[in-house]
Amino acid sequence: MRPILTIAMLGLLATGLGGCGSSGSSQTDYCNQAVSITCDKMLSCLGATTMATLGYGSTAAECTTNLEAQQCSNPSTMTCPTAGQTFHADKAPACLDAMKALSCTDLLAGTPAACVAVCS
């Protein structure tokens, strides 16, 4: 089950971090918050040993630092998954709340609808 959860978490991260158009503090803030939530979920669902084995670090803080550097520091990496989509900052809080509410079992169901709505 752990490999499936890993794939689900990475999918959530990829979809949850989208942000189109010009870079702005709201995109970066959203990205940072989504990474933090994702790392907390990964630690909770996968455990420290699996996270470290996957290269994210063994704590939520290490994971957050690593993923923020990879995902949130460069505006070109914060893109919506489909060309022509627009980032909707007003929908980001609902996505973050949905991410926080996910259980490990929920992760297998895919990305919360609220996160899909962030880019449309």
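In the block above lies the structure referred to throughout.
Residues numbered from 1 in each chain as written. Predicted model: local features only at pLDDT ≥ 70, side-chain atom pairs only at ≥ 80, totals over all residues. Heavy atoms only, no water.

Visitor: Lay out the packing of aromatic side chains with the relevant residues and their values.
Guide: Using the criterion set out here, one finds 1 aromatic pair in the structure. Between tyrosine 30 and phenylalanine 87, the ring centres sit 5.6 Å apart and the planes meet at 45 degrees, which makes this aromatic pair tilted. Separated by 57 residues along the polypeptide, tyrosine 30 in helix α2 (residues 25-46) and phenylalanine 87 in the loop between α4 (60-72) and α5 (92-101) bring together distant segments of the chain. Looking at phenylalanine 87, the relative accessible area reads 12%, which means it is buried. (Phe/Tyr/Trp six-rings, centres within 6.5 Å; stacked < 30°, edge-to-face > 60°. Helix = DSSP H or I, 4+ residues; strand = E, 2+ residues; numbered from the N terminus. Buried < 20%, exposed > 50% of the residue type's maximum accessible area, 1.4 Å probe, protein only.)

Visitor: An account of the state of the cysteines is needed here, citing residue identities and associated values.
Guide: For the structure on display, the rule yields 4 disulfides. The disulfide bridge from cysteine 95 ends at cysteine 115, spanning 2.0 Å between sulfur atoms. A torsion of 90 degrees about the S-S bond marks the disulfide between cysteine 95 and cysteine 115 as right-handed. Taken together, the residues cysteine 95 in helix α5 and cysteine 115 in helix α6 (residues 113-116) connect sequence positions 20 residues apart. The pair cysteine 95 / cysteine 115 is uniform in exposure class, with both members buried. (Disulfide = S-S within 2.5 Å.)

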